[in-house]
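# Structural description and commentary
Residue-level listing of the chains:
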Amino acid sequence: MLNFQTTKFLLQNLIFIIMNLVENINRIKSLMFEQVEDYQIKTFDDINSRLGLRVCIKLPNGDHVGKTNIIDFENGLNLSPNLTSFINNKNNLFDQDNCVYQYGLEIEEPYRGQGWGEKLKNECHKIIKDMGYKYATNIVKCDNHASLGLMKKLGYNLHQSNGERDFLYLEI
Ligand SMILES: CC(C)(COP(=O)(O)OP(=O)(O)OC[C@H]1O[C@@H](n2cnc3c(N)ncnc32)[C@H](O)[C@@H]1OP(=O)(O)O)[C@@H](O)C(=O)NCCC(=O)NCCS
């Protein structure tokens, strides 16, 4: 028979061991579910500059995967005759304070069809949202099925089309 002191000692040890076990299980769980990004985002220049903010997506080892640009509305109008033409035709939503224009999206050929375009666009949306803008816009050629598929998947809406190009927007 164990006396009271021995039983107390054993119970205290048992509780200590169980608490340690729970702590270690939680640590392993958090390591298992911790999100490890398989890419890095690099930005250059400024959204309010003549060519806007260049956003690049790269592998962790620095290899270039793709790029795009985000530019404020006024600089976008100066840069893109297509944007100007759409806005002159109809504009019920967009202005310098609420909207940015995105252009020059390109994923390097070996990386296409693997979700990189989607990752890059999602990162751009975070940047645009953090800057306080409400709308992200894009112009895509009507026969560019890959790009139109990507925009559709991301939730972009058609604002207008001239038959050759679609003017799309996303409410962020
Ligand atoms: C358009 C482009 C950026 C797409 O990038 P990507 O990394 O290949 O696309 P993702 O792998 O992220 O695909 C995301 C979604 O886009 C759509 N998509 C991508 N490629 C597609 C294709 N060839 N046809 C139709 N839909 C396509 C799909 O909905 C896809 O989702 P899913 O895989 O669940 O079906 C890339 O093809 C590209 O750089 N093309 C050349 C340059 C260009 O056209 N730029 C756009 C100018 S507006």
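Keep in mind that this is a model prediction, so the values were computed, not measured. (Residues numbered from 1 in each chain as written. Predicted model: local features only at pLDDT ≥ 70, side-chain atom pairs only at ≥ 80, totals over all residues.)

Looking now at the overall build of the protein. What the protein contains, in helices and strands, is 5 helices and 7 strands. What you see in the protein, going N to C, is helices and strands ordered as α-β-β-β-α-α-β-α-β-α-β-β. Relative to a compact globule of 172 residues, whose C-alpha radius of gyration would be 16 Å, the protein shows 26 Å and is clearly more extended. Along the first, second and third principal axes, the C-alpha atoms of the protein reach 95 × 35 × 30 Å. Relative to its 172 residues, the protein shows a buried fraction of 23%. Once local pairs closer than 6 in sequence are excluded, the contacts in the protein between residues at least 24 apart make up 56%. (Helix = DSSP H or I, 4+ residues; strand = E, 2+ residues; numbered from the N terminus. Rg over C-alpha atoms; globule rule 2.2 N^0.38 Å. Buried ≥ 20, exposed ≤ 12 C-beta atoms within 10 Å, placed from the backbone. Contact = placed C-beta atoms within 7 Å.)

Quick look at unusual backbone geometry now. The phi angle at Asp45 is positive, at roughly 65 degrees, despite the residue not being glycine. Within the secondary structure layout, Asp45 lies in strand β1 (residues 40-45).

Turning our eyes to something else, we now look at the sheet that holds strand β4 (residues 99-107). Read from one edge of the open sheet, 7 strands run β1-β2-β3-β4-β5-β7-β6, paired in mixed fashion. Of all the strands in the sheet, just β1 and β6 (157-161) have a single pairing partner and so form its edges. Strand-to-strand, the axes of this sheet are offset by a mean angle of 25 degrees, without reference to chain direction. Of the pairings in the sheet, the one linking β6 to strand β7 (residues 165-171) comprises 4 bridges and is antiparallel in character. What sits directly across from Asn157, in β7, is Tyr169. Along the sheet, helix α5 (residues 145-154) contacts β4, β5 (135-141) and β7; its crossing angle with β5, the most-contacted strand, is approximately 155 degrees. (Pairing = 2+ DSSP bridges. Axes fitted to C-alpha atoms, helices over the stretch in contact; angles between N-to-C directions.)

The full set close to the ligand counts 18 residues, and Arg112, Gly117, Ala146, Gly149 and Leu150 are the nearest of them. Broken down by secondary-structure element, the contributors of at least two residues to the shell around the ligand are β4, α4 (116-130) and α5. Ranked by residue count, the leading element in the shell around the ligand is α5, at 6 residues. (Near = placed C-beta within 6 Å.)

What follows is about the nonpolar core. Counting 26 residues, the largest nonpolar core has Ile70, Val100 and Leu168 as its most contacted members. When residues of this core are traced back to their parent elements, those giving at least two are β2 (53-58), β3 (64-72), α3 (81-89), β4, α4, β5 and β7. Looking at which element gives the most residues to this core, the answer is β4, with 4 residues. Non-local contacts of Leu168, meaning those with residues more than four positions away in its chain, are made with Thr137, Asn138, Val140, Met151, Tyr156, Asn157, Leu158 and His159. (Core = buried A, V, L, I, M, F, W, Y, C linked by C-beta atoms within 7 Å.)

Inspection of the sheet shows β5 paired to β7 by 7 bridges, in the antiparallel sense. Considered in β7, the bridge of Ile139 is made with Phe167. Hairpin connection of β6 to β7: 3 residues between the antiparallel strands, including Gly163 at a positive phi of 90 degrees.

Here Leu51 lies in the loop between β1 and β2. On a C-alpha basis, the gap between Leu51 and Ile71 in space is 6.7 Å, while along the polypeptide they are 20 residues apart. Ignoring sequence-local partners within four residues, the contact set of Leu51 consists of Asp45, Asn69 and Ile71.

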